[in-house]
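Descriptive analysis of the structure
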Amino acid sequence: MKNSILIAALLLATLALPSFVDASHLNMAILVLMAAQLGVAWNMLGGYAGQVSLGHAAFFGLGAYTSTLLLLKFGVNPWIGALAGGALSALLSLGFGWSCFRLKGHYFAMATIAVAELVQIFFNEWEYGGAAVGLYVPMDKQGWLWMNFATKLPYYWLALGLLVITLAANWWVERSYLGYYFRAIKDEPDAARSVGINIARYKQVALSLSAFFAALGGSLYAQKELFIDPGSVLSTALSIKMALVAILGGVGTLFGPVLGSVVLTSIEEFTRIVFGGTGRGTDVIIYATMIILIAVYYPTGILGWFKSVQERRAARADASRQVAEHAGAAPLQSAKGEA
């Protein structure tokens, strides 16, 4: 009941936010929502199935390039282009999984980086896709039909809507048989295999779902920024950020990536304002330190830390209540003995 009330309050606050902030703060809110959506998408694979991918920028970039190229070359509506990018990324994930799922642990993570780097190299050399120069999204057609606006507010609603859809997909996965299979693969792969779970197949399912939603995030990014190039949508730093958002907030939880996005994006914006160009990379140092602290002391992330604090408070309250009840019962027993 308390969780439902809290979620409803946060949703209402999110809906009301645009009425109380200026354009710069609204842009920051959009960045938070977009990073949260990518963290939630990554969480399907890295959180529930326990496969730590550091190459998810390949799917993000493919979504951005697919919708942009379809719009530029063939005039395809960006809504259709976004779905096409998601489908193409899910298809690419088959080869991605085939090459990487043969490895485990940090070897798997290293392999995902290598595959993503190959994708980035391809787009850097692909003249049809703009190569290293990049692509500009045209602004000749504006409005909701073409996902192109002159102000920031519509992008806020788009980012919020995509985050809600991605959270809903995670919620469904969490409570379906897929969620149970993913968690079994993550926690006890040998036991999962012994009861007949096809580990390779369901790892691939988790990767395909994650890739699809990451690509949708890439398409939205292209429409918002109106420019993409391999360095902005296919970088390893972007892949790492997707993972950090979920890990910091609480890997394998529904709202952990959202919390992690608020923290990381706030740090990025704060360091950008304070240090400007001279402090480039300061945000990475700060949240890398936070990740180390979380990994050592609270592996379940910030959300897990909050829950542990609540559990300790509840335990202390319960102990105090028991002491009070015992103290109240002692005089009564004494009185009965005297009688």
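Quick note: structure is the one above.
Basis of the calculations
- Residue positions within a chain follow its written sequence, with the count starting from 1.
- At least 70 in pLDDT is required for a residue's local features to be given in this predicted model, at least 80 for side-chain atom pairs to be given and counted, and no such filter applies to totals for whole chains, interfaces and linings, which use all residues.
- As a rule here, side-chain values come from all non-hydrogen atoms in the structure, and water together with hydrogens is ignored.
- Starting at the N terminus, helices and strands are each numbered in turn, a helix being any DSSP run of H or I of at least four residues and a strand any DSSP run of E of at least two.
- Burial classes follow relative accessibility: with a 1.4 Å probe on protein chains only, a residue under 20% of its type's maximum area counts as buried, one over 50% as exposed, and anything between as partly exposed.
- Stacked, edge-to-face and tilted are the three classes for Phe, Tyr and Trp ring pairs, Trp counted by its six-membered ring, which pair at centre distances within 6.5 Å; planes under 30 degrees apart are stacked, over 60 edge-to-face, the rest tilted.
- What counts as a salt bridge is simple: a side-chain nitrogen of Lys or Arg found within 4 Å of a carboxyl oxygen of Asp or Glu.
- We define a nonpolar core as any set of buried Ala, Val, Leu, Ile, Met, Phe, Trp, Tyr and Cys residues linked to one another through side-chain atoms lying within 4.5 Å.
- An axis is simply a line fitted to the C-alpha atoms; with a helix, the fit covers only the stretch in contact. Between two such axes, the angle follows the N-to-C directions and lies from 0 to 180 degrees.
- Handedness of a crossing is defined here by the sense of rotation of the near helix relative to the far one, left-handed for an anticlockwise turn of less than a right angle and right-handed for a clockwise turn.
- Throughout this entry, Asp, Glu, Lys and Arg are counted as charged residues, while Ala, Val, Leu, Ile, Met, Phe, Trp, Tyr, Cys and Pro are counted as nonpolar. The remaining residues, Gly among them, count as polar.

**So, unusual backbone geometry**
- Phi is positive for Ala-131, close to 50°, though the residue is something other than glycine.
- Examined against the element boundaries, Ala-131 turns out to sit in the loop between α5 (105-125) and β1 (135-136).
- Note on Ala-131: relative accessible area 7%, which makes it buried.
- Although it is not a glycine, Met-147 adopts a positive phi angle of roughly 55°.
- Mapped onto the elements of the fold, Met-147 is located in the loop between β1 and α6 (153-175).
- Taking relative accessible area as the criterion, Met-147 reaches 6% and is therefore assigned buried.

**Details of the packing of aromatic side chains**
- Evaluated as defined, the whole model comprises 17 aromatic pairs.
- Centre to centre, the rings of Trp-126 and Tyr-128 are 5.6 Å apart; their planes meet at 45°, and the pair counts as tilted.
- Trp-126 gets classed as partly exposed once you look at its relative accessible area, which sits at 28%.
- By relative accessible area, Tyr-128 is classed as partly exposed at 41%.
- Of the aromatic side chains, those joined through ring pairs into one cluster are Tyr-65, Phe-122, Phe-123, Trp-126 and Tyr-128.

**Describing the pattern of salt bridges**
- Summed over the entire model, instances satisfying the criterion amount to five salt bridges.
- Glu-174 is paired through a salt bridge with Arg-175; the nearest N and O atoms lie 2.7 Å apart.
- In this structure Glu-174 comes out as buried when scored by relative accessible area, which is 16%.
- Note that Asp-318 is salt-bridged to Arg-321, the shortest N-O span being 2.4 Å. Of this pair, Asp-318 and Arg-321 both sit in helix α14 (residues 301-338), three residues apart, roughly one helical turn.
- Take Asp-318: its relative accessible area is 29%, and that puts it in the partly exposed class.
- In this structure Arg-321 comes out as partly exposed when scored by relative accessible area, which is 44%.

**Here's the deal with the nonpolar core**
- Of all hydrophobic cores here, the largest spans 47 residues; its most connected members are Tyr-156, Phe-182 and Leu-220.
- Ranked by the residues each element gives to this core, the list is headed by helix α2 (residues 23-48), at 11 residues.
- Listed in part, the 21 residues of the second largest apolar core include Leu-69, Val-119, Val-233 and Leu-234.

**Looking at the packing of helix α4 (residues 78-100) against helix α9 (residues 199-225)**
- Between α4 and α9, whose axes approach to 7 Å, the crossing angle comes to 140°. The crossing of α4 and α9 is right-handed.
- Per-class residue counts for the contact of α4 with α9 are 13 nonpolar, 10 polar and no charged.

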